[in-house]
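For reference, the chains in residue letters:
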Amino acid sequence: MSLDYTNDTAAAEALIKEVLDQYPEKTAKKRARHLGVAKPAEEEGATSCGVKSNIKSIPGVMTIRGCAYAGSKGVVWGPVKDMVHISHGPVGCGQYSWSQRRNYFNGTVGIDSFVTMQVTSDFQERDIVFGGDKNLDAMVDELDVMFPLNKGITIQSECPIGLIGDDIEAVAKKKTAETGKTIVPVRCEGFRGVSQSLGHHIANDAIRDWVFDKSAPEEFEAGPYDVNLIADYNIGGDAWPSRKLLEEMGLRVIGMWSGDATLAEMARAPKAKLNLIHCYRSMNYICRHMEEKYGIKWVEYNFFGPTQIAASLRKIAAQFDETIQANAEAVIAKYQGLVDAVVVRYKPRLDGKTVMLYVGGLRPRHVTNAYEDLGMKIVGTGYEFGHNDDYQRTGHYVKEGTLIYDDVTGYELEKFIEKIRPDLVGSGIKEKYATQKMGVPFRQMHSWDYSGPYHGYDGFAIFARDMDMAINSPVWSKFKAPWKAA
Amino acid sequence: MPQSAEKTKDHVSLFREPEYTEMFAAKKAQFECRPSDDAVAAQLEYSKGWEYREKNFARTKAVINPAKACQPLGAVFAAAGFEETMPYVHGSQGCVAYFRSHLARHFKEAVPCVSDSMTEDAAVFGGLNNLVEGLQNTYTLYKPKMIAVSTTCMAEVIGDDLSAFIATSKEKESVPADFAVPFAHTPSFVGSHTTGYDNMIKGILSYFWEREKGELKAGATTGKINIIPGFDGYAVANNRELKRYMDLMGVEYTLLSDVSEVYDTPSDGTYRMYDGGTKLDDVRAAIDARATIGLQKYCSDKSLEYIAAKGQDTASFHYPMGVGGTDALLMKLSELSGKPIPDSIEKERGRLVDAIADSQAYLHGKKVAVFGDPDFVYGMAAYLLEMGCEPTHCLSTNGGKDWEAGMKALFASSPFGAACTAYPGKDLWHLRSLLFTEPTDLLIGSSYGKYLEKDTGIPLIRLTFPIFDRHHHHRFPTLGYQGALRVLVEILDRVFEMTDAASDISYDLTR
């Protein structure tokens, strides 16, 4: 169902120039490297998005990025449900990130699950002066009294920890020995790296160093179809329709990372036959490690929209035998009726509508075909914290002439939206209201705007409904008072 | 297949379908290694008891579900309330992403604010270069009239000196020498967002009154009254209500930080990065005001001390809610300005008293738990006492010993306060134990209280920041007689809903 179209390269280039002209000269030079237009590539069917990425944000320009703590606590570790995650440092980081990622889970909060809690060492001045290790030690004991059914504790470092010379690794080792539980120190101080991205990497390394091969091996009978579902954070329940599809095609999901995950699912992962990774950016590191150390292959997949879901199911099935391959075809056939009904219902309402995206992780490319399945066109996209390999992959998704913006600034995004006036913008809470004030429909594409799931066939129906709601809401016609000349 | 194009089920209903519930059960049984259901049930029951409460209150290190944020959030909020001002946070960039998100989720508005994105090299060498470059970029790109600088804990730990750094930035022509760049050091390991609010107000005043053109001496009084509203999630509506009263009284005033336009811009096709806010000229002239009033003591202590040293009268309140709170505020305004309280306001007061009298039977003796910032909890508790309710558990994570003393005095002022207790420095996990062991009829606080409501079944009334999960409450006031009326109605609605739900027999048509 892939749409064939190109966007206006000359217009996009003119727009970039117009925006850069507003910066001080030195800043304009720096920003120019992050803005580009997708060009035809040598590889057939792909474009080249040649922008620089994963570079420090420029001071004072209103970057939309977050920090390493957000990447570790907020993304990778926070969803692991039966561990208590300590936001170690002052109160704010944990407060602002409390329950904001919508990592759904099944469990009893405060008893056997702790995802929607904010646990912090609430640093005071004396902790900065004298260090926080002693209090951290005592805090772990207190948490064990409060939450005896916890399976472990992670220590998510906030900025001061790395600056005052605390040794949280020593505390973790000592407490692991004392409690027999898994205590994981994570050096995800917010000043490390240039964005959330380093936090993902550090969090991955912490799984490698403090979870794998640490606890006594459980009794586990491995099967031929064992897979891990990696880097799906179950936002609005995303991982569940994904899991359902994998199970329907006969695979056995022995670990979900890290949406709705338990520590056991994390620790067991090296026993799988194959790792299936959705958000490449945030968990490719641990997949590479498992490949090197345990010989587990990994496959990237995309469960947004029927075109990509079908392609991914076939790609995954190709890693297994004919039974699984036949099952995959049966699954695709099973849901074809739903797909057709969704497209029949929504495509006439969305056909030809233009979309600009600015998100993180995998979404700036992964959702592209889902929009196209509904007849919509992507005219601009960019990553908050992508790397070069993300932009390479993006070339397989976006059309020639698509505006590409890396680590976009508030100013740039506002101008791009104002000039392009797409029919829909998909970005985050910080961008939502400025966009809507301009009269441009918007959906939050981090939190699914409190909707979801969007993954899998079940999710596609919701995705289509939500985009239609946003674009075809009657409110957009009310912006101008009738007594004002048109 | 549970899903369809016609009746699309999203997360609210999809996951109750058997295809999913069976999948959840299988996942749990085969892969999760969970504690047994019996162990979970036993621990849940145990966590509701007195023994657990004692252990809970014995905690000294672990903070669990606190109801407070950190200093720079308050500084950003305070700075946003000035004319065409860009809040600027010196330090790590992730903090600013959090502040913007946090405020946007509450106000449903864009929250402009910049960071100077300090990373490892700045941690080693200091953040001077970041500030020099950042100020220039912000000034050039966003064309503000003022850039108000606060700090993250990273910049504080490494000891960056904003005063010197800003001076150097001006020497390097990042911004013109006469461009307003007030600042406040706002370490997040000291105090809370209320402290940061206070620090930023003081920082802005001291810039205009001391550093812009040397130290100003207060001249002949303009007769105006300055008001520092404090960190208030309802500021959009409350500031307007306050201004309406002062207009009715003929009091001339300056709000020192007024976000009522900034965080409530219209949808008409134009995005306004800046709108409204206190005029910078009014801030300059505010030194000559007759007096300054802080509506929230713990958001304005240092600022008021600074202002008092300039020779002004000062006064502060604890988020003056209800009949008595509004009375006291209006009388203070009248006393300081010499303007009488007009009959029209007195009539509004009478209507509020009339409403409370009409409904008193449904309020009398109702036990209520209240949590939030220290001033809010005080103001709310005071109003509850007026209504004949008992503010049984009053908890403020960022309240201290002096707040506790003030609360005790408040409780002692009313027979309805006899069985009430203030809990300074405690968190919402403490409150959970309080609510299980000594249940109340109602809970008043922020959206964070919804987990307590879920656990204990005690209905939550959202009346303070942050409110993320209900829309537009902040667009209607909670202060003044009109605000008090609205608060009264919200409480009554919950009381009546509870009664309706409690018994088929008592399902009365008229009450």
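Residues numbered from 1 in each chain as written. Chains lettered and ligands numbered in written order. Predicted model: local features only at pLDDT ≥ 70, side-chain atom pairs only at ≥ 80, totals over all residues. Heavy atoms only, no water.

Comments concerning unusual backbone geometry
Here is the rule we go by: By the criteria applied, helices consist of DSSP H or I runs no shorter than four residues and strands consist of E runs no shorter than two, each listed in order from the N terminus.
Cis geometry marks the peptide bond from G452 of chain A to P453 of chain A; its omega dihedral reads -5 degrees. Take P453 of chain A: it is sitting in the loop between strand 16 (442-444) and helix 20 (456-471). At the junction of F465 of chain B and P466 of chain B, the peptide bond is cis and its omega measures out at -5 degrees in the coordinates. Tracing the backbone shows P466 of chain B in the loop between strand 13 (460-462) and helix 21 (480-502). Here the phi dihedral of R421 of chain A falls at roughly 40 degrees; this positive angle occurs in a residue that is not glycine. Tracing the backbone shows R421 of chain A in the loop between helix 18 (410-420) and strand 15 (424-427). At S257 of chain B, a position not held by glycine, the phi torsion is positive, near 85 degrees. Following the sequence through the fold, S257 of chain B ends up in the loop between strand 6 (253-255) and helix 13 (280-285).

What about the sheet that holds strand 3 (residues 114-115) of chain B?
Residues and elements named next belong to chain B. Let me state the cut-off plainly: What makes two strands pair is DSSP finding at least two bridges between them. Contacts are residue-level and defined by heavy atoms, with any inter-residue pair within 4.5 Å sufficient. Note on method: axes are straight lines fitted to C-alpha atoms, helices fitted across the in-contact stretch only, with angles between N-to-C directions ranging 0 to 180 degrees.
Strand order in the open sheet made by the three strands is 3-2-4, with parallel pairing throughout. Each edge of the open sheet is held by one strand with a lone partner, namely strand 3 and strand 4 (146-151). As defined by bridge partners, strand 2 (residues 85-90) adjoins strand 3 across two bridges and the pair is classed as parallel. Across the sheet, V89 pairs through a bridge with S115, a residue of strand 3. Lying on the sheet, helix 8 (residues 128-142) is in contact with strand 2, strand 3 and strand 4; it crosses strand 2 at an angle near 160 degrees.

Some remarks on the pattern of salt bridges
Residues and elements named next belong to chain A. Our working rule: Counted as salt bridges are all cases of a side-chain nitrogen of Lys or Arg within 4 Å of a carboxyl oxygen of Asp or Glu. The classification of residues rests on relative accessible area computed with a 1.4 Å probe and restricted to protein chains. Under 20% of the type maximum is buried, over 50% is exposed, and intermediate values are partly exposed.
Counted by the stated rule, this structure contains 80 salt bridges over all chains. A salt bridge links R281 to D389; the nearest nitrogen and oxygen atoms lie 2.8 Å apart. Remark: D389 occurs in helix 17 (residues 388-394) and R281 occurs in helix 12 (residues 280-294); sequence separation between them is 108 residues. Looking at R281, the relative accessible area reads 2%, which means it is buried.

Observations regarding helix 2 (residues 25-32) of chain A
All names here are of chain A. Cut-off, in case you're wondering: This arc is taken over the directions from the axis of the helix to the C-beta atoms.
Here helix 2 has its buried residues at T27, A28 and R31. For helix 2, the angular spread of buried residues about the axis comes to 105 degrees, placing them on one side. The exposed set on the far side of helix 2, more than 90 degrees from its buried face, consists of E25, K26 and K29.

Observations regarding the packing of helix 14 (residues 322-350) of chain A against helix 20 of chain A
Residues and elements named next belong to chain A. Basically, it comes down to this: Working rule for angles: under 35 degrees goes down as roughly parallel, over 145 as roughly antiparallel, 65 to 115 as roughly perpendicular, anything else as oblique. The classification used treats Ala, Val, Leu, Ile, Met, Phe, Trp, Tyr, Cys and Pro as nonpolar, Asp, Glu, Lys and Arg as charged, and all other residues, Gly among them, as polar.
Close contact between helix 14 and helix 20 brings their axes to 10 Å; oriented N to C, the two are set at 5 degrees. Compared by their axis directions, helix 14 and helix 20 come out roughly parallel. Here I332, Y335, L338, V339, V342, V343, Y346, R349 and L350 of helix 14 lie close against helix 20, whose contacting residues are Y457, D458, F460, A461, A464, R465, M467, D468 and I471. A per-class count over the contact of helix 14 with helix 20 returns 14 nonpolar, no polar and four charged.

Here we look at the sheet that holds strand 16 of chain A
All names here are of chain A. Spatially, six strands are ordered 1-14-13-12-15-16 in an open sheet, and the strand pairing comes out mixed. What marks the edges here is a single partner per strand, and that holds for strand 1 (35-37) and strand 16. Between one strand and the next, the sheet's axes are offset by a mean angle of 25 degrees, whatever the strand orientation. Of the strand pairs in this sheet, strand 13 (residues 377-381) and strand 14 (residues 403-405) are connected by two bridges, and their pairing is parallel. Along strand 14, the bridge assignment pairs T381 with I404.

Focus on the interface of chain B and chain A
Frequently, the measure chosen for interface size is the accessible area that the parts lose on association. Applicable threshold: In short, buried area is how much 1.4 Å probe accessible area vanishes from two parts on joining, totalled over both. Identification of polar contacts relies on pairs of N or O atoms within 3.5 Å, with a donor-acceptor requirement for protein atoms, meaning one able to donate a hydrogen and the other able to accept it, and with residues adjacent in sequence counted only if both atoms are side-chain atoms.
With 103 residues of chain B at the interface, the matching set in chain A holds 121 residues. Summing both partners gives a buried area of about 9300 Å² for chain B against chain A, and 61% of it is carried by carbon and sulfur. Between chain B and chain A we count ten salt bridges in total. With its nearest N and O atoms 2.9 Å apart, the salt bridge here joins K30 of chain A to E133 of chain B. The interface formed by chain B and chain A contains 50 residue pairs in polar contact (both at pLDDT 80 or more).

Read these as spatial facts, not as claims about activity.
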